[in-house]
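Single-letter residue listing:
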Amino acid sequence: RLSLLLPASMSSSSTRTPPESVVADADALARKVAAIRAAGAAKLQVIADFDGTLTRYWYDGSRGQTSHGLLKQGNLEFDAKRDALFEHYHPIEINPDIPLPEKAILMEEWWGKTHALLIEGGLTQEAIKKSVADAAIAFRDGVVELFELLEARDIPVLVFSAGLADIIEEVFRQKLHRSFKNIKIVSNRMVFNEEGRLVEFKGKTIHVLNKNEHSLDMAAPVHNSLGDLNGCTDDYSLVKKRTNVLLLGDHIGDLGMSDGLNYENRIAAGFLNTNIEKSLKDYSEAFDIVYLVSLHMRWPKEKKEALQ
Ligand code: TMP
(Lines give C-alpha, C1' and ligand atoms only; values in the text may rest on other atoms or scores of the structure.)
Protein backbone atom coordinates (compact mmCIF):
# COMPACT_ATOMS: atom_id res chain seq x y z
CA ARG A 1 0.00 0.00 0.00
CA LEU A 2 2.79 2.37 0.95
CA SER A 3 4.49 1.91 -2.40
CA LEU A 4 1.50 3.60 -4.07
CA LEU A 5 2.18 6.69 -2.03
CA LEU A 6 5.90 6.96 -2.49
CA PRO A 7 7.33 9.89 -4.39
CA ALA A 8 7.72 9.30 -8.13
CA SER A 9 11.50 9.27 -7.76
CA MET A 10 11.14 6.13 -5.63
CA SER A 11 8.85 4.22 -7.93
CA SER A 12 10.25 2.89 -11.18
CA SER A 13 7.15 3.07 -13.40
CA SER A 14 5.42 6.19 -12.15
CA THR A 15 5.85 9.55 -13.86
CA ARG A 16 3.62 11.59 -11.55
CA THR A 17 4.82 14.59 -9.56
CA PRO A 18 6.24 13.69 -6.15
CA PRO A 19 3.61 14.31 -3.46
CA GLU A 20 4.16 16.85 -0.69
CA SER A 21 2.80 14.50 1.93
CA VAL A 22 2.52 10.76 2.45
CA VAL A 23 -0.18 8.99 4.47
CA ALA A 24 0.40 5.28 4.92
CA ASP A 25 -3.04 4.52 6.36
CA ALA A 26 -5.61 7.06 5.24
CA ASP A 27 -8.51 5.28 6.97
CA ALA A 28 -6.78 5.25 10.34
CA LEU A 29 -5.96 8.94 9.97
CA ALA A 30 -9.55 9.77 9.01
CA ARG A 31 -10.81 7.91 12.09
CA LYS A 32 -8.47 9.87 14.36
CA VAL A 33 -9.47 13.19 12.77
CA ALA A 34 -13.15 12.34 13.28
CA ALA A 35 -12.62 11.32 16.93
CA ILE A 36 -10.63 14.46 17.74
CA ARG A 37 -13.22 16.67 16.02
CA ALA A 38 -16.06 15.01 17.92
CA ALA A 39 -14.33 15.51 21.29
CA GLY A 40 -13.82 19.22 20.58
CA ALA A 41 -11.19 21.86 21.35
CA ALA A 42 -11.38 21.41 25.13
CA LYS A 43 -9.85 17.94 24.80
CA LEU A 44 -7.05 18.87 22.42
CA GLN A 45 -3.45 19.93 22.93
CA VAL A 46 -0.57 20.40 20.53
CA ILE A 47 2.98 19.23 21.21
CA ALA A 48 5.55 20.49 18.74
CA ASP A 49 9.25 20.20 18.20
CA PHE A 50 10.95 23.49 17.30
CA ASP A 51 13.94 23.21 14.92
CA GLY A 52 13.04 21.93 11.47
CA THR A 53 9.41 21.45 12.55
CA LEU A 54 8.03 24.86 13.49
CA THR A 55 10.99 26.46 11.73
CA ARG A 56 12.06 26.04 8.12
CA TYR A 57 14.70 23.49 7.27
CA TRP A 58 15.49 25.46 4.11
CA TYR A 59 15.79 29.23 4.30
CA ASP A 60 16.34 31.21 1.12
CA GLY A 61 18.13 28.34 -0.65
CA SER A 62 20.36 27.35 2.28
CA ARG A 63 19.89 25.32 5.43
CA GLY A 64 17.87 27.34 7.93
CA GLN A 65 19.63 27.75 11.25
CA THR A 66 18.66 25.93 14.43
CA SER A 67 18.50 27.46 17.90
CA HIS A 68 21.98 26.01 18.41
CA GLY A 69 23.27 26.78 14.94
CA LEU A 70 22.43 30.48 14.96
CA LEU A 71 24.41 31.16 18.10
CA LYS A 72 27.55 33.28 17.77
CA GLN A 73 29.34 33.49 21.09
CA GLY A 74 31.34 36.55 20.09
CA ASN A 75 34.35 34.27 20.38
CA LEU A 76 35.49 32.81 17.05
CA GLU A 77 37.50 30.01 18.60
CA PHE A 78 34.49 28.63 20.48
CA ASP A 79 32.14 29.10 17.53
CA ALA A 80 34.58 27.12 15.37
CA LYS A 81 34.77 24.34 17.95
CA ARG A 82 30.96 24.03 18.05
CA ASP A 83 30.83 24.07 14.24
CA ALA A 84 33.35 21.23 14.13
CA LEU A 85 31.15 19.23 16.52
CA PHE A 86 28.16 19.86 14.24
CA GLU A 87 30.11 18.61 11.19
CA HIS A 88 30.95 15.44 13.06
CA TYR A 89 27.68 14.65 14.85
CA HIS A 90 24.93 15.99 12.53
CA PRO A 91 25.56 13.28 9.88
CA ILE A 92 25.19 10.74 12.70
CA GLU A 93 21.96 12.41 13.86
CA ILE A 94 20.33 12.03 10.45
CA ASN A 95 21.77 8.64 9.52
CA PRO A 96 18.92 6.08 9.59
CA ASP A 97 21.39 3.17 9.54
CA ILE A 98 22.74 3.79 13.05
CA PRO A 99 20.72 1.90 15.69
CA LEU A 100 18.86 4.27 18.02
CA PRO A 101 20.48 3.16 21.33
CA GLU A 102 23.93 3.70 19.82
CA LYS A 103 22.86 7.02 18.33
CA ALA A 104 21.40 8.19 21.67
CA ILE A 105 24.80 7.78 23.36
CA LEU A 106 26.46 9.83 20.65
CA MET A 107 23.78 12.54 20.86
CA GLU A 108 24.26 12.75 24.64
CA GLU A 109 27.99 13.17 23.98
CA TRP A 110 27.34 15.96 21.40
CA TRP A 111 25.01 17.91 23.67
CA GLY A 112 27.39 17.56 26.62
CA LYS A 113 30.34 18.91 24.64
CA THR A 114 28.32 21.79 23.14
CA HIS A 115 26.87 22.89 26.49
CA ALA A 116 30.36 22.78 28.04
CA LEU A 117 31.76 24.96 25.25
CA LEU A 118 28.96 27.51 25.71
CA ILE A 119 29.79 27.78 29.42
CA GLU A 120 33.55 27.80 28.90
CA GLY A 121 33.25 30.43 26.20
CA GLY A 122 31.26 32.70 28.56
CA LEU A 123 28.13 33.10 26.43
CA THR A 124 26.24 36.31 27.30
CA GLN A 125 22.56 37.27 27.11
CA GLU A 126 23.60 40.13 24.82
CA ALA A 127 25.25 37.67 22.39
CA ILE A 128 21.99 35.69 22.29
CA LYS A 129 19.97 38.79 21.34
CA LYS A 130 22.44 39.76 18.62
CA SER A 131 22.69 36.20 17.27
CA VAL A 132 18.91 35.94 16.89
CA ALA A 133 18.75 39.36 15.21
CA ASP A 134 21.35 38.22 12.64
CA ALA A 135 19.99 34.67 12.20
CA ALA A 136 18.71 32.86 9.12
CA ILE A 137 15.75 31.39 10.97
CA ALA A 138 12.05 31.65 10.21
CA PHE A 139 8.85 29.89 11.14
CA ARG A 140 7.35 27.68 8.44
CA ASP A 141 4.49 29.13 6.43
CA GLY A 142 1.26 28.80 8.38
CA VAL A 143 2.80 28.43 11.83
CA VAL A 144 1.79 31.89 13.06
CA GLU A 145 -1.76 31.34 11.75
CA LEU A 146 -1.82 27.98 13.54
CA PHE A 147 -0.70 29.61 16.81
CA GLU A 148 -3.41 32.28 16.40
CA LEU A 149 -6.10 29.71 15.77
CA LEU A 150 -5.01 27.60 18.76
CA GLU A 151 -4.87 30.66 21.00
CA ALA A 152 -8.36 31.73 19.93
CA ARG A 153 -9.66 28.25 20.85
CA ASP A 154 -7.67 28.11 24.13
CA ILE A 155 -5.73 25.07 22.98
CA PRO A 156 -2.34 24.76 24.72
CA VAL A 157 0.84 24.34 22.69
CA LEU A 158 3.90 22.76 24.20
CA VAL A 159 7.10 23.48 22.30
CA PHE A 160 9.40 20.64 23.25
CA SER A 161 12.92 21.09 22.01
CA ALA A 162 16.38 19.64 22.34
CA GLY A 163 17.63 23.10 21.40
CA LEU A 164 18.06 26.02 23.77
CA ALA A 165 15.04 27.48 25.60
CA ASP A 166 16.55 30.95 26.01
CA ILE A 167 17.21 31.19 22.29
CA ILE A 168 13.81 29.84 21.28
CA GLU A 169 12.15 32.45 23.48
CA GLU A 170 14.27 35.16 21.88
CA VAL A 171 13.25 33.89 18.42
CA PHE A 172 9.59 34.14 19.47
CA ARG A 173 10.17 37.70 20.73
CA GLN A 174 12.10 38.95 17.72
CA LYS A 175 10.47 37.08 14.82
CA LEU A 176 6.83 37.04 15.91
CA HIS A 177 6.65 40.47 17.56
CA ARG A 178 3.85 39.20 19.74
CA SER A 179 3.23 36.76 22.53
CA PHE A 180 0.93 33.75 22.82
CA LYS A 181 -0.52 32.99 26.22
CA ASN A 182 -1.13 29.34 25.33
CA ILE A 183 2.49 28.46 24.45
CA LYS A 184 4.94 26.85 26.85
CA ILE A 185 8.55 25.99 26.02
CA VAL A 186 10.29 22.95 27.47
CA SER A 187 13.93 22.90 26.41
CA ASN A 188 17.49 23.20 27.75
CA ARG A 189 17.43 26.28 29.94
CA MET A 190 20.44 28.41 30.83
CA VAL A 191 21.39 29.98 34.14
CA PHE A 192 23.20 33.33 33.94
CA ASN A 193 25.18 35.15 36.63
CA GLU A 194 24.55 38.79 37.55
CA GLU A 195 26.87 39.94 34.74
CA GLY A 196 24.66 38.12 32.23
CA ARG A 197 27.15 35.28 31.59
CA LEU A 198 26.11 31.64 31.24
CA VAL A 199 27.22 29.60 34.24
CA GLU A 200 25.24 26.36 33.97
CA PHE A 201 22.24 24.57 32.48
CA LYS A 202 19.18 23.70 34.54
CA GLY A 203 18.27 20.06 35.02
CA LYS A 204 18.96 17.07 32.84
CA THR A 205 19.98 17.62 29.22
CA ILE A 206 17.30 17.13 26.58
CA HIS A 207 18.71 15.81 23.31
CA VAL A 208 16.94 14.60 20.17
CA LEU A 209 16.59 11.01 21.34
CA ASN A 210 15.63 11.30 25.02
CA LYS A 211 12.54 13.48 24.77
CA ASN A 212 10.47 10.56 26.10
CA GLU A 213 12.38 10.76 29.40
CA HIS A 214 11.38 14.40 29.72
CA SER A 215 7.79 14.14 28.66
CA LEU A 216 6.58 14.66 32.22
CA ASP A 217 8.40 18.00 32.34
CA MET A 218 5.42 19.44 30.53
CA ALA A 219 3.40 19.09 33.72
CA ALA A 220 6.04 20.91 35.79
CA PRO A 221 5.48 24.52 36.85
CA VAL A 222 6.68 27.03 34.29
CA HIS A 223 10.09 28.40 35.20
CA ASN A 224 10.75 30.43 32.14
CA SER A 225 12.18 33.90 32.23
CA LEU A 226 9.92 35.17 29.54
CA GLY A 227 7.68 38.00 30.60
CA ASP A 228 5.61 37.89 27.46
CA LEU A 229 4.90 34.21 27.40
CA ASN A 230 4.02 34.11 31.05
CA GLY A 231 0.39 33.74 30.20
CA CYS A 232 1.18 30.07 30.46
CA THR A 233 1.99 30.08 34.17
CA ASP A 234 -1.29 28.34 34.85
CA ASP A 235 -1.24 24.76 36.04
CA TYR A 236 0.11 22.78 33.15
CA SER A 237 -0.83 19.51 34.78
CA LEU A 238 -4.25 20.40 33.40
CA VAL A 239 -2.95 19.50 29.96
CA LYS A 240 -2.90 15.90 31.11
CA LYS A 241 -6.69 16.05 31.00
CA ARG A 242 -6.49 16.93 27.32
CA THR A 243 -6.33 13.44 25.97
CA ASN A 244 -6.26 14.24 22.26
CA VAL A 245 -2.93 15.26 20.84
CA LEU A 246 -1.63 16.75 17.64
CA LEU A 247 2.10 16.00 17.65
CA LEU A 248 4.46 17.74 15.23
CA GLY A 249 8.05 16.61 14.79
CA ASP A 250 10.89 16.06 12.35
CA HIS A 251 12.59 13.16 14.12
CA ILE A 252 11.32 9.69 14.98
CA GLY A 253 12.52 10.51 18.54
CA ASP A 254 9.97 13.35 18.63
CA LEU A 255 7.22 10.75 18.99
CA GLY A 256 8.45 10.28 22.56
CA MET A 257 7.22 13.80 23.38
CA SER A 258 3.76 12.44 24.16
CA ASP A 259 4.95 9.47 26.24
CA GLY A 260 3.95 11.07 29.55
CA LEU A 261 0.35 11.41 28.43
CA ASN A 262 -2.21 8.74 28.57
CA TYR A 263 -3.69 9.98 25.32
CA GLU A 264 -6.84 8.66 23.67
CA ASN A 265 -6.11 9.84 20.13
CA ARG A 266 -2.89 11.15 18.71
CA ILE A 267 -2.24 12.44 15.23
CA ALA A 268 1.50 12.53 14.60
CA ALA A 269 2.67 14.70 11.72
CA GLY A 270 6.30 14.32 10.69
CA PHE A 271 8.39 16.67 8.59
CA LEU A 272 10.93 14.69 6.60
CA ASN A 273 13.54 17.30 5.80
CA THR A 274 16.48 15.28 4.59
CA ASN A 275 17.60 11.75 3.62
CA ILE A 276 14.10 11.45 2.13
CA GLU A 277 14.51 8.30 0.08
CA LYS A 278 16.24 6.38 2.89
CA SER A 279 13.96 7.53 5.70
CA LEU A 280 10.50 7.68 4.10
CA LYS A 281 9.56 4.11 4.92
CA ASP A 282 10.41 4.49 8.64
CA TYR A 283 8.75 7.91 8.84
CA SER A 284 5.54 6.81 7.14
CA GLU A 285 5.27 3.84 9.50
CA ALA A 286 5.90 6.04 12.55
CA PHE A 287 3.90 9.18 11.68
CA ASP A 288 0.27 9.36 10.54
CA ILE A 289 1.22 11.90 7.93
CA VAL A 290 4.66 12.77 6.60
CA TYR A 291 5.33 16.13 4.98
CA LEU A 292 8.11 16.08 2.44
CA VAL A 293 10.22 19.12 1.81
CA SER A 294 9.37 20.09 -1.73
CA LEU A 295 12.30 20.83 -3.93
CA HIS A 296 11.29 24.45 -4.48
CA MET A 297 11.84 25.08 -0.75
CA ARG A 298 15.53 24.71 -1.48
CA TRP A 299 15.60 27.31 -4.21
CA PRO A 300 16.83 30.80 -3.43
CA LYS A 301 14.21 33.57 -3.28
CA GLU A 302 15.14 35.03 -6.73
CA LYS A 303 14.54 31.70 -8.47
CA LYS A 304 11.11 31.30 -6.83
CA GLU A 305 10.15 34.89 -7.73
CA ALA A 306 11.25 34.41 -11.34
CA LEU A 307 8.84 31.51 -11.66
CA GLN A 308 5.84 33.34 -10.22
P1 TMP B 1 15.04 19.94 18.13
O2 TMP B 1 14.61 19.41 16.79
O3 TMP B 1 14.52 19.16 19.28
O4 TMP B 1 14.74 21.41 18.29
O5 TMP B 1 16.61 19.65 18.12
C6 TMP B 1 17.67 20.49 18.16
C7 TMP B 1 18.54 20.44 16.93
O8 TMP B 1 19.76 21.14 17.27
C9 TMP B 1 18.99 19.09 16.44
O10 TMP B 1 18.46 18.84 15.15
C11 TMP B 1 20.51 19.18 16.31
C12 TMP B 1 20.81 20.63 16.47
N13 TMP B 1 22.10 20.94 17.14
C14 TMP B 1 22.96 21.86 16.53
O15 TMP B 1 22.67 22.38 15.45
N16 TMP B 1 24.14 22.17 17.16
C17 TMP B 1 24.50 21.61 18.37
O18 TMP B 1 25.59 21.93 18.91
C19 TMP B 1 23.60 20.67 18.97
C20 TMP B 1 23.96 20.04 20.28
C21 TMP B 1 22.40 20.38 18.33
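Data block above holds the structure.
Residues numbered from 1 in each chain as written. Predicted model: local features only at pLDDT ≥ 70, side-chain atom pairs only at ≥ 80, totals over all residues. Heavy atoms only, no water.

(A) Structural detail: the layout of surface pockets. Looking at the largest pocket, its volume works out to about 990 Å³. Taken together, 47 residues make up the lining of the largest pocket; nearest its centre are His90, Glu93, Ile94, Val208 and His251. Listing elements by their share of the lining of the largest pocket, those giving two or more residues are helix H2 (50-54), helix H3 (76-93), helix H4 (100-120), strand E5 (157-164), strand E9 (265-272) and helix H8 (276-286). Per-element tally for the lining of the largest pocket: the top contributor is H3, with seven residues. (1 Å grid on protein atoms, 1.4 Å probe; cavity = no way out; pocket = protein on both sides within 12 Å on 5 of 7 lines; lining within 4 Å. Points joined across faces, edges and corners; volume = space filled by probe spheres on them. Helix = DSSP H or I, 4+ residues; strand = E, 2+ residues; numbered from the N terminus.)

(B) Representation of the site of the ligand within the structure. In the neighbourhood of the ligand, 15 residues make up the surrounding shell, with Asp49, Asp51, Glu93, Ser161 and Ala162 lying closest. Contact between the ligand and Thr66: an oxygen atom at 3.1 Å from a side-chain N or O atom of the residue. Within the complex, 96% of the 480 Å² of free accessible area of the ligand lies under protein. At the level of elements, H3, H4 and E5 are the ones that each hand at least two residues to the shell around the ligand. (Near = heavy atom within 4 Å. Polar contact = N/O pair within 3.5 Å; in protein donor to acceptor, adjacent residues only side chain to side chain. Areas by Shrake-Rupley, 256 points an atom, 1.4 Å probe, with all protein chains shown as cover.)

(C) Geometry of empty space enclosed by the protein. Following the criterion strictly, the structure yields two cavities of 30 Å³ or more and no others. Taken as a whole, the second largest cavity encloses approximately 30 Å³ of empty space. Looking at the second largest cavity, the residues that line it are Asp51, Gly52, Thr55, Arg56, Tyr57, Arg63, Gly64, Gln65 and Thr66. By residue class, the composition of the lining of the second largest cavity is one nonpolar, five polar and three charged. (Nonpolar A, V, L, I, M, F, W, Y, C, P; charged D, E, K, R; others polar.)

(D) Geometry of the nonpolar core. One finds Phe50, Leu54, Phe139, Phe147 and Phe172 to be the most contacted residues of the largest nonpolar core, which totals 43 residues. In terms of residue count, the dominant contributor to this core is helix H7 (residues 165-176) (six residues). Not counting the four nearest positions on each side in its chain, Phe139 is found in contact with Phe50, Leu54, Thr55, Arg56, Phe147, Val171, Phe172, Lys175 and Leu176. Listed in part, the 30 residues of the second largest apolar core include Phe78, Ile92, Leu117 and Phe287. (Core = buried A, V, L, I, M, F, W, Y, C linked by side-chain atoms within 4.5 Å. Buried < 20%, exposed > 50% of the residue type's maximum accessible area, 1.4 Å probe, protein only. Contact = heavy atoms within 4.5 Å.)

(E) How the structure looks around the pattern of salt bridges. If you walk through the whole model with that rule in mind, you get 15 salt bridges. Residue Asp97 is joined to Lys278 by a salt bridge in which the shortest nitrogen-to-oxygen separation is 2.8 Å. Pair noted here: Asp97 is in the loop between H3 and H4 and Lys278 is in helix H8, with a separation of 181 residues, a long-range link. The two residues Asp97 and Lys278 agree in class, both being exposed. A salt bridge links Asp154 to Lys181; the shortest N-O distance between them is 3.9 Å. (Salt bridge = Lys/Arg side-chain N within 4 Å of Asp/Glu carboxyl O.)

(F) Here's a closer look at the side chain of Ser161. Along the chain, Ser161 falls in strand E5. Its relative accessible area of 1% is what places Ser161 among the buried residues. Looking at Ser161, its side chain comes within polar contact range of the main-chain nitrogen of Gly163, at 2.7 Å. When sequence neighbours within four positions are dropped, the list of residues in contact with Ser161 reads Asp49, Phe50, Asp51, Ile168, Val186, Ser187, Asn188, Ile206 and Lys211.

(G) The side chain of Asn210, seen in detail. One can find Asn210 in the loop between strand E7 (198-202) and strand E8 (244-249). Its relative accessible area of 2% is what places Asn210 among the buried residues. Within polar-contact distance, the side chain of Asn210 engages the backbone oxygen of Thr205 at 3.0 Å. Of note is the side chain of Asn210, whose polar atom sits 2.8 Å from the backbone nitrogen of His207. Residues contacting Asn210, with those up to four places away along its chain left out, are Lys204 and Thr205.

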